[in-house]
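Here is what each chain is made of, one letter per residue.
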Amino acid sequence: GICFCVFLIMYLMTLLGNVLLIILVRINSKLQTPMYFFLSNLSMIDICFSSTIVPKILINTLSKDRSISLVGCALQMYFHMALGASECILLAVMAYDRFAAICRPLHYQTIINKKMCILLASISWGVGFITASVHVPLTFQLPFCKSHHVNHFFCEMPPFLRLSCKDTRPNEIAITVTAQFITLCSFFLTLISYIHIISNVFKIRSSQGREKAFSTCASHLTVVSMFYGTIIFMYMKPRTADKTVSIIYTVVTPMINPIIYSIRNKDVKDTIKMKLSSL
């Protein structure tokens, strides 16, 4: 009962926080900038990401029958992998956006124009779904004869591979290489962007300017460290997939993201205050 309540509250907070953020961006013309366009995409991914897993966890918490159909399992694995990879790339895109805004302020409008925003968001979503379209069919082509019991909260690839009676090392290598490529490329792009941002921020003479630049980046950095940290731990060691780590990046992170971005963000807080005062 306690588990059900905890997961339900977290899921409702995820939906509420992310939907609210998307609505605020839509209704306030001041928030219709590249940064908030990417933030809306992140909220959309978080809603879908959480919805792929949490409703089934809620059903399993109450029900004695914890089975899932093979198609249901494949779909859960597919969307979980696709959305996770998309979020990974989107966080790097958001870091690049902050780099362009702080390090190239005069050229920002031309670098991150509307076409570029749509292109970068499309790449984030596209790469995620292409990756899942390769790995999930490869996983389900394996013969499964050890057990039909997945020792996990949901159908995630590393624990699922343990059920196969065939040598799964080629699959594990393929997953690890893909995960390393996507995660480490995104992580290093984010890191390079932030090295440039931090060195630029220290060149700002006014302390107010420095503070403003740091505050726009602090929320993104918090989200990045949480997400990349858990993903790196999870997929660099596919045989030791930890349930707690999975719960952090599939349930906790999507709930915390909108909270972090709203608390740290003056424009979002002002929009909420403005809308509440007009009621």
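Cut-offs applied
Per chain, residue numbering runs from 1 following the sequence as it is written. At least 70 in pLDDT is required for a residue's local features to be given in this predicted model, at least 80 for side-chain atom pairs to be given and counted, and no such filter applies to totals for whole chains, interfaces and linings, which use all residues. Side-chain metrics rest on all non-hydrogen atoms present in the structure, leaving aside hydrogens and water. Helical segments are the DSSP runs of H or I of at least four residues, strand segments are the runs of E of at least two, and each set is numbered from the N terminus. Buried residues are those whose accessible area, probed at 1.4 Å on protein chains only, stays under 20% of the maximum for their type, while exposed residues exceed 50% and partly exposed ones sit between those limits. Whether two residues are in contact is decided by their heavy atoms, any of which lying within 4.5 Å being enough. For every accessible area listed, the method is Shrake-Rupley and the probe measures 1.4 Å; residues are considered covered only by the protein chains on display. By the counting scheme adopted, Arg and Lys are positive, Glu and Asp are negative, and His together with the chain ends is not counted. Here the site of a charge means atom NZ of a Lys, CZ of an Arg, CG of an Asp or CD of a Glu. For patch detection, residues must exceed 30% relative accessible area and be free of salt bridges, and they are connected within 9 Å for like charges or within 5 Å for nonpolar side chains (Val, Leu, Ile, Met, Phe, Trp, Tyr). When a carboxyl oxygen of Asp or Glu lies within 4 Å of a side-chain nitrogen of Lys or Arg, that pair is called a salt bridge. UniProt positions are given in the numbering used here, feature names are shortened, and annotations may be inferred rather than shown by experiment. Every axis corresponds to a line fitted to the C-alpha atoms, with the helix fit spanning only the stretch in contact, and the corresponding angles, defined between N-to-C directions, vary from 0 to 180 degrees. An angle counts as roughly parallel when it lies under 35 degrees, as roughly antiparallel when it exceeds 145, as roughly perpendicular when it falls between 65 and 115, and as oblique in every other case. Gly is placed with the polar residues, together with every amino acid not listed as nonpolar (Ala, Val, Leu, Ile, Met, Phe, Trp, Tyr, Cys and Pro) or charged (Asp, Glu, Lys and Arg). Joining through side-chain atoms within 4.5 Å is the link that ties buried Ala, Val, Leu, Ile, Met, Phe, Trp, Tyr and Cys residues into a set, and such a set is a nonpolar core. Multiplying 1.5 Å by the residue count of a helix minus one yields the expected span of that helix. Defined by distance alone, a disulfide is two cysteine sulfur atoms within 2.5 Å.

Turning next to the overall build of the protein chain. Summing up its helical and strand segments, the protein chain has ten helices and zero strands in all. Secondary structure elements of the protein chain, listed N to C terminal, follow the sequence α-α-α-α-α-α-α-α-α-α. Counting all 279 residues of the protein chain, 47% fall into the buried class. Considering only residue pairs separated by 6 or more positions, the protein chain has 76% of its internal contacts joining residues 24 or more positions apart. In the form shown here, the protein chain has an accessible surface area of approximately 14400 Å², with 69% of it arising from carbon and sulfur atoms. With 25 positive and 11 negative side-chain charges, the protein chain shows a spacing of 5 Å between the two charge centroids.

A word on a nonpolar patch on the surface. Taken together, the side chains of Phe-188, Leu-191, Ile-192 and Ile-195 present a nonpolar region at the surface, about 380 Å² in accessible area. Tracing the backbone through its elements, the reader meets Ile-192 in helix α7 (residues 169-201).

Before going further, it helps to spend a moment on the UniProt feature "transmembrane region" (unreviewed entry) in the protein chain. With numbering aligned to this structure, UniProt lists the feature "transmembrane region" (unreviewed entry) at residues 6-25, 37-58, 78-96, 117-138, 173-192, 213-235 and 247-264. Helix makes up 100% of residues 6-25 and strand 0%. Its end C-alpha atoms lie 29 Å apart. Helix makes up 100% of residues 37-58 and strand 0%, whereas the separation of the span's terminal C-alpha atoms amounts to 31 Å.

Between helix α5 (residues 114-140) and α7, the least distance of the axes is 11 Å, while the angle of their chain directions is 170 degrees. When the interaxial angle is binned, α5 and α7 end up roughly antiparallel. Residues Val-127, Thr-131, His-135, Leu-138 and Thr-139 of α5 pack against Asn-171, Ala-174, Ile-175, Thr-178 and Ile-182 of α7. Looking at side-chain class alone, the contact of α5 with α7 contains five nonpolar, five polar and no charged residues.

Side chains of nonpolar character tend, in soluble globular proteins, to be buried together. Counting 35 residues, the largest nonpolar core has Tyr-36, Phe-38, Leu-39, Leu-42, Leu-91, Met-94 and Tyr-228 as the members making the most contacts within it. Secondary-structure elements contributing two or more residues to this core are α1 (2-27), α2 (34-62), α3 (70-103), α5, α8 (207-236) and α9 (243-263). With ten residues, α3 is the single largest residue contributor to this core. Formed by 14 residues, the second largest nonpolar core is a distinct cluster that contains Met-77, Met-81, Met-157 and Phe-160.

What follows covers the packing of α1 against helix α10 (residues 266-277). Contact geometry of α1 with α10 gives a least axis separation of 10 Å together with a crossing angle of 80 degrees. Our classification of the angle between α1 and α10 gives roughly perpendicular. For the pair formed by α1 and α10, the contact residues are Leu-21, Leu-24 and Ile-27 on the first element and Val-268, Thr-271, Ile-272 and Lys-275 on the second. Considering only residue class, the contact of α1 with α10 consists of five nonpolar, one polar and one charged.

Note that Ser-193 resides in helix α7. Residues in contact with Ser-193, not counting those within four places in the same chain, are Ala-95, Tyr-96 and Phe-99.

On to α1, then. For α1, built from 26 residues, the straight-helix expectation of 38 Å at 1.5 Å per residue is met to within 8% by its first-to-last C-alpha distance of 37 Å. Residues of α1 that are buried include every one of Phe-7, Met-10, Tyr-11, Thr-14, Gly-17, Asn-18, Leu-21, Ile-22, Leu-24 and Val-25, and no others.

Here we come to the environment of Pro-137. Tracing the backbone through its elements, the reader meets Pro-137 in helix α5. In sequence terms Pro-137 and Tyr-78 are 59 residues apart; their C-alpha atoms lie 9.0 Å from each other.

Turning our attention to the side chain of Ser-43. Structurally, the position occupied by Ser-43 is in helix α2. Beyond its immediate sequence surroundings of up to four residues, Ser-43 is in contact with Asn-18, Leu-21 and Ile-22.

Moving on, we come to the state of the cysteines. Evaluation of the coordinates by the stated rule reveals zero disulfides. Free cysteine Cys-88: the closest other cysteine sulfur is in Cys-185, separated by 9.9 Å. Relative accessible area serves as the criterion here: at 2%, Cys-88 is assigned to the buried category.

Mapped onto the elements, Lys-212 comes out in helix α8. Taking the C-alpha atoms as reference points, Lys-212 and Lys-275, 63 residues apart in sequence, are found 24 Å from one another.

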